[in-house]
Structure formats: structure tokens, C-alpha cells
Amino acid sequence: QEPKEKYILYLGRLDEKKGIDILLKSFSNLDLNNINLKIAGEFNEYKKGLDSIVSKLNLHDKVEFLGMVTGDTKAELFRNAYVFAAPSYSEVIGMVNLEAALFKTPVITTYQTGINKDWQNNGGFLINPTEQELTVALKKAINLSLEERNDCGKKLHDFVLKNYSWENRFFEWIKLYESML
């Protein structure tokens, strides 16, 4: 499917450990003629710091803070994003990455989110949370043709279903518990 507008999406808590600061800095390194950045998450004290970065980088016209989104609005944001980026510094498992992938959206995330290392061989991008690595991944992602973007999204969707869905993992858990008995 063709997104209605070309944007990079971040959706989650506005928090220092989520890497939104490097997302803004990396975003400013791109050719911004044809891409925007949408940041969705409940506003809090940390947003003031993000506003300051947006100001310093002169990104007012290219970055949109959406606040908290849920339901159909959230689904539509995921579905229409050209790429989803979650450059977290630390996470047990980045559930939002899996959620974005289920909408067949390519996802850039970090090794620090507990994601299977094969992510990057299955339509996703796996990086360290640095401005340099994120800039490279963002450039690759936004320069994908629409067909390549959709192929990456489909591969990642299938990878997540195979490796993270309860239905497919259930029998592995049974085997694990049986081996412990």
C-alpha cells in the first residue's frame, strides 16, 4: 500500500532512554525535502527538552508532536509510516517494534531492544543507538522504492508472526517445559 504522506514515525513514551534525541539529530541529517517526522506519545516534562532540540535544529516545519494516540488513529499512523524508528538505548523487549511490523511497516530499532538478531535479515534494520548509525539506517529506509518498502514490511511482518506470535511459540514452550520435567 502507498502511504498517504512520507513520514518517519516514533510512537512510545517520551523518555530519555528511548533515543528520541538521536532520532531528531539523525533526522536533521537527512534531505528533508520529501519527509517528515511524527512523534506520538503522551506529553510530559521531557517534551520540553525535545522541543528545545527541534528549535536548535530548526525542524519546526518537519517535526510534528502528536501527543497520545490510540485505536484507529494509532493503527493508521503505523500503517502509513514509510518507516518506524525506535532507537532506544535500553529495553527488555521493544513491543512497539513488533506492533509496527505487524502493520507491514519497516522498522529501525536497536540491538538494545532485545530483538532477535535476524531482524536485519528479514526486512528490518538493527543498529546501535548512535546518531551516525541511525542516520545511515534512516537514509537507507527513506530511499527505498515503494515496492522495496512494501517488501521489507511484508518480510518483517512474516518474521514477527513466525518468531514472536504466541501461536507459533506455544509448542516451543511446551517442549521446554517437558524437557525440564
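Look up a bit, the structure's there.
Residues numbered from 1 in each chain as written. Predicted model: local features only at pLDDT ≥ 70, side-chain atom pairs only at ≥ 80, totals over all residues. Heavy atoms only, no water.

Engineer: What should I look at first to understand the environment of Leu146 in this one?
Structural biologist: Structurally, the position occupied by Leu146 is in helix H6 (residues 146-164). Remark: the alpha-carbon pair of Leu146 and Tyr82, spanning 64 residues in sequence, is separated by 8.6 Å. (Helix = DSSP H or I, 4+ residues; strand = E, 2+ residues; numbered from the N terminus.)

Engineer: What should I look at first to understand the nonpolar core in this one?
Structural biologist: In globular proteins that are soluble, nonpolar side chains generally tend to be buried together. If you look at the biggest cluster of nonpolar residues, it comprises 32 residues, and the most contacted ones within it are Ile8, Phe27, Ile39, Val63 and Ile108. Contributing elements (two or more residues each) for this core: strand E1 (7-11), helix H1 (20-28), strand E2 (36-40), helix H2 (46-56), strand E3 (63-67), strand E4 (83-86), strand E6 (125-127) and helix H5 (131-142). Excluding its chain neighbours within four sequence positions, the residues that come into contact with Ile39 are Tyr10, Leu14, Ile20, Leu24, Val63, Glu64, Phe65, Leu66 and Gly67. Counting residues in hydrophobic clusters, the runner-up holds 20 residues, among them Tyr7, Leu77, Ala86 and Phe159. (Core = buried A, V, L, I, M, F, W, Y, C linked by side-chain atoms within 4.5 Å. Buried < 20%, exposed > 50% of the residue type's maximum accessible area, 1.4 Å probe, protein only. Contact = heavy atoms within 4.5 Å.)

Engineer: Just to check I follow, could you spell out helix H3 (residues 71-80) for this structure?
Structural biologist: One turn of the α-helix equals 3.6 residues, which is why residues spaced by three or four share an orientation. Turning to H3, its buried residues number three or more, namely Ala75, Leu77, Phe78 and Asn80. For H3, the elements touching its buried residues are E1, E2, E3, E4, helix H4 (95-102) and H6.

Engineer: Please explain the pairing of E3 as it appears in this structure.
Structural biologist: Consecutive side chains of a regular strand alternate in pointing toward one face of the sheet and then the other. Burial along E3 is one-sided: the residues Val63, Phe65 and Gly67 are buried and none of Glu64 and Leu66 is. Here E2 runs beside E3; their pairing, made up of four bridges, is parallel. Note on E3: the bridge partner recorded for Lys38 is Glu64. In this view, the connection linking E2 to its parallel neighbour E3 by way of H2 has right-handed handedness. (Pairing = 2+ DSSP bridges. Right-handed = clockwise from strand over helix to strand, strands pointing away.)

Engineer: I tried to follow the side chain of Arg149 on my own but got confused; where do I start?
Structural biologist: Along the chain, the position of Arg149 falls in helix H6. It turns out Arg149 is buried and unbridged, and the closest side chain with the opposite charge, Asp151, is 9.6 Å from it. Within polar-contact distance, the side chain of Arg149 engages the backbone oxygen of Arg79 at 3.5 Å. (Lys, Arg positive; Asp, Glu negative; His and termini not counted. Salt bridge = Lys/Arg side-chain N within 4 Å of Asp/Glu carboxyl O. Polar contact = N/O pair within 3.5 Å; in protein donor to acceptor, adjacent residues only side chain to side chain.)

Engineer: Please explain the packing of aromatic side chains as it appears in this structure.
Structural biologist: One pass over the structure, following the stated rule, counts four aromatic pairs. Clustering of aromatic rings is evident, with ring pairs tying together Phe78, Phe84 and Phe103. The side chain of Lys38 reaches across the aromatic face of Tyr7, ending 4.8 Å from its centre. The positively charged end of Lys47 is found above the aromatic ring belonging to Phe65, 4.6 Å away from the centroid. (Phe/Tyr/Trp six-rings, centres within 6.5 Å; stacked < 30°, edge-to-face > 60°. Lys NZ or Arg CZ within 6 Å of the ring centre and 35° of its normal.)

Engineer: Explain H1 to me, please; I cannot follow it from the model alone.
Structural biologist: Among the nine residues of H1, seven are classified as buried, and the element is accordingly described as predominantly covered. The secondary structure elements touched by the buried residues of H1 are E1, E2, H2, E3, E4 and H5.

Engineer: What am I meant to see in the sheet that holds E6 here?
Structural biologist: Across a sheet, paired strands are connected by hydrogen bonds in the backbone, their directions being either parallel or antiparallel. Here six strands make up an open sheet; going across it, the order is E3-E2-E1-E4-E5-E6 and the pairing parallel. The sheet is open, and its two edges are formed by E3 and E6, each paired on a single side. Between one strand axis and the next, the sheet turns through 20 degrees on average, direction left out of account. Here E1 pairs with E4 via two bridges, running parallel. Note on E4: the bridge partner recorded for Ile8 is Val83. Across the sheet, H3 is in contact with E1, E2, E3 and E4; its angle to E1 comes to roughly 135 degrees. Packed on one face of the sheet, H5 meets E1, E4, strand E5 (107-110) and E6 and runs near 170 degrees to E6. (Axes fitted to C-alpha atoms, helices over the stretch in contact; angles between N-to-C directions.)

Don't take any of this as a statement about function, it's just geometry.
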